[in-house]
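Summary of structural features
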Amino acid sequence: MTGPRTTFHVGDGVVARVAAEAATGVPGVVALRTDLAGTLLGLAGAVLGTTRAPVVAARVDGTQAEVSIDVVTRLGFNCRDLARAVQREVSAAVAQYTGLETLVRVTVVDVLLDGAAPQRAASTQSPQVPPPGAR
Amino acid sequence: MAVSPHDGRGRVAQDDAGAHLPAQGDVVEPLACGRDAATVWDHAEAGTLDAHERECPHCGAAVADARGLEAMVSRLAAQPLVPPPTVVDRVVGAVLAELRPRDLLVLDSPYGPAALDATAAAAVLRGVVDAMDGMRARSCRISRPAGDAGRPVPPAEVSMTVTARFGIELASATARVRQMVLAAGEQALGVPVTRVDIEVVDVFDLPQPSSPAGREGR
């Protein structure tokens, strides 16, 4: 006898959470940025001790998922390579957790320039801006 | 004590509300006993509950509401408010992101759509040029024309205005800036740059203690 028919559906929130985790772990990603409403929700959640609001927009459609991520990086990380790395990592993480095929849309919304940029850049293997005066 | 909660237009009729008659047009539901809850709250706060308000279960519930809210509010108010350290940054960033028109540069990626904020890219190029000896970037604009579907996106174009330190050779300065922008575009942004328009709009001179001639304008 076959068992009862079971369907399995992964919610948007799951994909969003997994994607946010994976994207945050990519070297060079300083922060994920969300829109104003998401920021205020996140702050309210932090103050009230509730769960974080998702900072990633995710949509599941059948066996396909679509994820939009806004990331902030800092000078010294190649934006193109960073975007590719985020896409790879997020897509792999979502596939591993949920089995969904994922289209990852990455926007680098900001690049931090000053502060800790030099020593952070020195510790990475990504291509770097030649220091001024080196030529 | 006949109370008709609503007449045809939703107006509340009250026979003994005293000072708390609602303004014309306001719709206020009275308690089941006919009292206005606001009056009861005021009395509870002032400690002037009358005999009815002490006995009536409806008024008693309203008084409990008032006490409960008071306790909750004062408890929350007494808690020290500790904002996360980056609260201002996060709100300001979100507001700016909301206000700013989003110009995006396409980033080439085999894994899916990727883009870079043009304002951030311009800021990177400005910062890189600023760090050069004898050069200051003033404005910078970078744009990348949208490609046709299925064709590779054409490279970006940069236009920039700079100021140079007095005494710098301008011909070599622009060549340096050009090289710097091309290199930074490729290495820091990952955006190929095909065209750099550089306009030197001004010269500046740093105060030099050894040459008094350079200080006359100050």
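Keep in mind it's a predicted model, so treat the numbers as computed, not measured. (Residues numbered from 1 in each chain as written. Chains lettered and ligands numbered in written order. Predicted model: local features only at pLDDT ≥ 70, side-chain atom pairs only at ≥ 80, totals over all residues. Heavy atoms only, no water.)

1. Points about the overall build of chain A
Heads up, the condition is: Think of it this way: any DSSP run of H or I at least four residues long counts as a helix, any run of E at least two long counts as a strand, and we number them from the N terminus. Relative accessibility under 20% of the residue-type maximum defines a buried residue, over 50% an exposed one, and the middle range a partly exposed one, all with a 1.4 Å probe and only protein chains included. What makes two residues a contact is simply this: any of their non-hydrogen atoms within 4.5 Å. In these tables, accessible area is a Shrake-Rupley quantity obtained with a 1.4 Å probe, and a residue counts as shielded only by the protein chains included in the view.
In terms of helices and strands, chain A carries four helices and four strands. Along its sequence from the N terminus, chain A presents helices and strands in the succession α-β-α-β-β-α-β-α. Taking all 135 residues of chain A together, 43% fall into the buried category. Residue pairs in contact within chain A that sit at least 24 positions apart in sequence constitute 77% of those at least 6 positions apart. Roughly 7500 Å² of accessible area belongs to chain A as shown, and the carbon and sulfur atoms make up 55% of that amount.

2. Thoughts on the overall build of chain B
When helices and strands are tallied, chain B shows six helices and five strands. Secondary structure elements of chain B, listed N to C terminal, follow the sequence α-α-α-α-β-β-α-β-β-α-β. Looking at chain B residue by residue over its 218 residues, the buried ones come to 31%. Restricting the contact set of chain B to residue pairs at least 6 apart, pairs at least 24 apart contribute 46%. Accessible surface, chain B as shown: approximately 13100 Å² in total, 56% of it carbon and sulfur.

3. Section: the packing of helix 5 (residues 118-130) of chain B against helix 6 (residues 170-189) of chain B
Residues and elements named next belong to chain B. Here is the rule we go by: Structural elements are reduced to axes, namely lines fitted to C-alpha atoms, with helices fitted over the stretch in contact, and the angle between N-to-C directions of any two is expressed from 0 to 180 degrees. Here is the rule for angles: anything less than 35 degrees is roughly parallel, anything more than 145 is roughly antiparallel, 65 through 115 is roughly perpendicular, and the remaining ranges are oblique. Throughout, a crossing is termed right-handed when the near helix is turned clockwise from the far one, and left-handed when it is turned anticlockwise from it by less than a right angle.
Running from N to C, helix 5 and helix 6 cross one another at 130°; their axes reach a closest spacing of 10 Å. As far as their axial angle goes, helix 6 and helix 5 are oblique. Classified by chirality, the crossing of helix 6 by helix 5 is right-handed. Note on element contacts: helix 6 touches helix 5 through V177, M180, V181, A184, G185, A188 and L189, opposite A121, V124, L125, V128 and V129.

4. As for the side chain of T102(A)
All names here are of chain A. Put simply, the rule reads: Polar contact criterion, stated in full: a pair of N or O atoms within 3.5 Å, where within protein one must be able to donate a hydrogen and the other to accept it, and residues adjacent in sequence count only if both atoms are side-chain atoms.
Relative to the helices and strands, T102 is located in strand 4 (residues 101-112). Polar side-chain contacts of T102 include one of 3.5 Å to the backbone oxygen of L100. Discounting residues that sit within four places of it in the chain, T102 has contacts with A65, V67, S91 and V94.

5. With respect to the interface of chain B and chain A
In plain terms, the rule: Buried area, as used here, totals the accessible surface that two parts lose on assembly, with accessibility defined by a 1.4 Å probe and the loss added over both. What makes a salt bridge here is a side-chain nitrogen of Lys or Arg within 4 Å of a carboxyl oxygen of Asp or Glu, nothing more. Polarity classes work like this: nonpolar for Ala, Val, Leu, Ile, Met, Phe, Trp, Tyr, Cys and Pro, charged for Asp, Glu, Lys and Arg, and polar for all others, with Gly in that last group. For two strands to count as paired, DSSP must find a minimum of two bridges between them.
Facing the 37 residues of chain B at the interface are 33 residues of chain A. Together chain B and chain A conceal approximately 2900 Å² of surface at their shared face, both sides included; 64% is due to carbon and sulfur atoms. Seen at the junction of chain B and chain A, the total is one salt bridge. Linking chain B with chain A are 14 residue pairs in polar contact (both at pLDDT 80 or more), by the criterion used here. Only helix 4 (87-99), strand 2 (114-117), helix 5 and helix 6 of chain B provide two or more residues apiece to the side of chain B that touches chain A. With eight residues, helix 4 of chain B is the single largest residue contributor to the side of chain B that touches chain A. Considering only residue class, the side of chain B that touches chain A consists of 23 nonpolar, six polar and eight charged. Of the strand pairs in this sheet, strand 4 of chain A and strand 2 of chain B are connected by three bridges, and their pairing is parallel. Residue pairing for strand 2 of chain B: T107(A) is matched across the bridge by A115(B).

6. What to know about the pairing of strand 4 of chain A
Residues and elements named next belong to chain A. What counts here: A clockwise course of the path from the first strand over the helix to the second, judged with the strands pointing away from the viewer, identifies a crossover as right-handed.
When strand 3 (residues 64-74) meets strand 4, the two strands line up parallel, connected through 11 bridges. Within strand 4, the position partnered with V72 by the bridge is D110. Viewed along the sheet, the connection from strand 3 through helix 3 (residues 79-98) into strand 4 turns out right-handed.

7. A closer look at helix 6 of chain B
Rules: Under the convention used throughout, the expected extent of a helix is 1.5 Å for every residue step, that is, one less than its residue count.
Between its first and last C-alpha atoms helix 6 of chain B spans 26 Å; for 20 residues at 1.5 Å apiece the expected length is 28 Å, and the two agree. Inspection of helix 6 of chain B places A173(B), V177(B), M180(B), V181(B), A183(B), A184(B), G185(B), A188(B) and L189(B) among the buried residues, and these make up the whole buried set. Packed against the buried residues of helix 6 of chain B are helix 3 of chain A together with strand 2, helix 5, strand 3 (135-143), strand 4 (156-165) and strand 5 (193-204) of chain B. Directly beyond the C-terminal end of helix 6 of chain B, a positive phi value near 80° is found at G190(B).

8. Brief notes about the packing of helix 1 (residues 12-24) of chain A against helix 3 of chain A
All names here are of chain A. Where helix 1 meets helix 3, the axes come as close as 9 Å, and the angle between the chain directions of the two elements is 135°. Compared by their axis directions, helix 1 and helix 3 come out oblique. Every pair of crossing elements has a handedness; the one defined by helix 1 and helix 3 is right-handed. Note on element contacts: helix 3 touches helix 1 through V86, E89, V90, A93, V94, Y97 and T98, opposite V14, V15, V18, A19, A22 and A23.

9. Quick word on a nonpolar patch on the surface
The condition that has to hold: A residue counts toward a patch only above 30% relative accessible area and without a salt bridge, and it is joined to like-charged neighbours within 9 Å or, for Val, Leu, Ile, Met, Phe, Trp and Tyr, to nonpolar neighbours within 5 Å.
Judged by side-chain polarity, V88(B), V92(B) and L96(B) come together as a nonpolar surface patch covering roughly 260 Å² of accessible area. If you trace the backbone, V88(B) turns up in helix 4.

10. Examining the confidence of the model for chain B
All names here are of chain B. Selection rule: The score called pLDDT rates the predictor's confidence residue by residue, from a low of 0 to a high of 100.
In this model, chain B carries a mean pLDDT of 74, and residues with pLDDT of at least 70 account for 70%. Per-residue pLDDT stays below 50 along residues 1-25; that stretch engages in 35 contacts with residues further than four places along the chain or on separate chains. Segment residues 211-218: pLDDT under 50, and six contacts once partners within four positions in sequence are set aside and those in other chains are kept.

11. With respect to the pattern of salt bridges
When the charged atoms of two side chains with opposite charge come close together, those side chains can pair. Residues and elements named next belong to chain A. Under the criterion given, the structure shown has 10 salt bridges over all chains. For E66, the salt bridge is made with R105, and the minimal N-O distance between the two is 2.9 Å. In this pair, E66 is assigned in strand 3 and R105 in strand 4, connecting sequence segments 39 residues apart. The exposure class of R105 is partly exposed, given its relative accessible area of 33%.

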